Amino acid sequence: MPNSNHSQDTKDRYFMMLAIEQAKRGLYTTRPNPAVGCVLVKADEVVGQGFHPKAGQPHAEVFALKDAGNRAVGATAYVTLEPCSHTGRTPPCARALIESGVKRVVIAGLDPNPQVAGRGVKLLEEAGIPVTVGVLTAHAEALNKGFLKAMRSQMPYVRLKIATSLDGRTAMASGESKWITGTAAREDVQKLRAQSGAIITGSETVIVDNPQLNIRSSQLGVAPEEVPPPKIVILDRRGRLKHDLQSDYQLCRRSDTLYWREENLIELLKSLVRDYQCYDVLVEAGASVAGSFLQQQLVDELIVYQAPCLLGMQARPMVAINPLSLAQQLRFDVHCHEQLGADLKLTLYPL
Ligand code: AOF
Ligand code: ZN
């Protein structure tokens, strides 16, 4: 807890960190809304806190104001996203803050939602409340990569997840693949799924693996049934999953399955944002789908779970790409590496 000797900047960062911790509590349940947290501080003490739990329910600021009661008067509000100015499913938070009597507002970053986009700050300033923008922006934005990218560019944030051996193999030639990575890595995949509005897979994966692609983890901090189920998209360009076959495969039986029969992946991604409000997209598929996404530069983040084993030359490779020379290689920046059980997790950004 900062004391009176600390500078205002240090205090602002500290309390914004607490607001970010609040926001994280909604990470798996707010879709398609962003995860947002709010902390109210008076005389260096937290007097109220809250987060946005679910689309349709009140926003973070409202919960924090309720928590603080009349202690909100004269407090500083720390919010991880610009308070909204629009009447959506709930009334505008900027108004609620003004009416509560807070004396200052600190926000991590502006809300690019065209319905807000600076108007929240404007409302507060017009009411005579000083606003500081830009405290721990990157930290706060890391929670809402999909929402932010979709609002800014109408394209989703695409994560490509691949589980491989040391020699980059994802299954034996027969298709056998359960399991190459251990339980800790597979639990981590549950978090990726729970963050995603849609999961894209290929018909080949459905036929060979019959995956469930469901959320069943007890490690999310919320019950799996609280997580809005991701839409399942099956790339089925050759129409191999005919209607009469559907009952044989678990994914095909899900009512929210979308079959995509076109070649155009960009159109699919745009449609997921525009028609389904899916802002975070996870690709879990075989080598050819993974290769298409990479080669068309549609991947924002590559996540590789690498098991310390060798599966050999006959086993299936991780991506079907065919660079003709070293100059055509696909390269990445290693953003993060960690060990999960016996396996490695690499988070990479395409260069
Ligand atoms: C805030 N605080 O905690 C969140 C905000 O449909 P609604 O009424 O829930 O509005 C959703 C939009 O509000 C969402 O797209 C984003 O722009 C903003 N989210 N704003 O002041 C919050 N979650
Ligand atoms: Zn709001």
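All of these numbers come straight from a predicted model, not from anything done at the bench.

Quick notes on helix α2 (residues 60-68)
Okay, step 1: Within α2 the residues assigned to the buried category are A60, E61, A64, L65 and A68. The buried side chains of α2 occupy one side of the element, clustering within an arc of 125° when seen end-on.
Okay, step 2: As for α2, its buried residues are in contact with β1 (37-42), β2 (45-51), β3 (76-79) and α3 (93-100).
Okay, step 3: Once α2 ends, the next one or two residues include G69, with phi positive near 60°.

Section: the nonpolar core
If you look at soluble globular proteins, the nonpolar side chains tend to sit buried side by side.
Okay, step 1: Counting 29 residues, the largest nonpolar core has L40, V79, L97, V102, V105 and L124 as the members making the most contacts within it.
Okay, step 2: Counting residues per element, the ones that place at least two in this core are β1, α2, β3, α3, β4 (104-107), α4 (119-126) and α6 (145-153).
Okay, step 3: Of all hydrophobic cores here, the second largest spans 26 residues; its members include L160, A198, V233 and W260.

Description of the coordination of the zinc ion (ligand 2)
Okay, step 1: Within the first shell, the zinc ion (ligand 2) binds the protein through H59 (ND1), C84 (SG) and C93 (SG), at distances of 2.0 to 2.2 Å.
Okay, step 2: For the zinc ion (ligand 2), the four donor atoms are set out with angles of 98 to 119° between them, so the coordination reads as tetrahedral.
Okay, step 3: Here the donor residues for the zinc ion (ligand 2) map to a single chain with the spacing H-x24-C-x8-C. C93 shares its class with C84; the two are buried.

Looking at the side chain of T347
Okay, step 1: Along the chain, T347 falls in strand β15 (residues 343-350).
Okay, step 2: T347 gets classed as buried once you look at its relative accessible area, which sits at 8%.
Okay, step 3: Look past the residues within four positions of T347 in its chain and what remains in contact with it is E301, L302, I303, D333, V334, H335 and C336.

Remarks on the packing of α2 against α3
Okay, step 1: Contact pair α2 / α3: the axes reach a minimum separation of 9 Å and the direction vectors enclose 20°. Between α2 and α3, the angle falls in the class roughly parallel. For the pair α2 and α3, the crossing hand works out as left-handed. Touching E61, V62 and L65 of α2 are C93, A96, L97 and S100, all from α3.
Okay, step 2: Its residues placed into classes, the contact of α2 with α3 shows five nonpolar, one polar and one charged.

A closer look at the site of ligand 1
Okay, step 1: Taken together, 18 residues are adjacent to ligand 1, and H59, E61, C84, R89 and D111 come closest.
Okay, step 2: Contact distances for ligand 1 include 2.8 Å between an oxygen atom and a side-chain N or O atom of N113.
Okay, step 3: In the complex, 95% of the free accessible area of ligand 1, which totals 520 Å², lies under the protein chains.
Okay, step 4: Partitioned by chemical class, the residues of the shell around ligand 1 number seven nonpolar, seven polar and four charged.

The rules behind these values
Residues numbered from 1 in each chain as written. Chains lettered and ligands numbered in written order. Predicted model: local features only at pLDDT ≥ 70, side-chain atom pairs only at ≥ 80, totals over all residues. Heavy atoms only, no water. Buried < 20%, exposed > 50% of the residue type's maximum accessible area, 1.4 Å probe, protein only. Helix = DSSP H or I, 4+ residues; strand = E, 2+ residues; numbered from the N terminus. Arc of directions from axis to C-beta. Contact = heavy atoms within 4.5 Å. Core = buried A, V, L, I, M, F, W, Y, C linked by side-chain atoms within 4.5 Å. Donors = N, O, S within 2.8 Å, 3.2 Å for Na, K, Ca; no water. Tetrahedral: all angles 85-135°; square planar, octahedral: opposite > 155°, others 65-115°. Axes fitted to C-alpha atoms, helices over the stretch in contact; angles between N-to-C directions. Parallel < 35°, antiparallel > 145°, perpendicular 65-115°, else oblique. Left-handed = near helix turned anticlockwise from the far one by under 90°. Nonpolar A, V, L, I, M, F, W, Y, C, P; charged D, E, K, R; others polar. Near = heavy atom within 4 Å. Polar contact = N/O pair within 3.5 Å; in protein donor to acceptor, adjacent residues only side chain to side chain. Areas by Shrake-Rupley, 256 points an atom, 1.4 Å probe, with all protein chains shown as cover.

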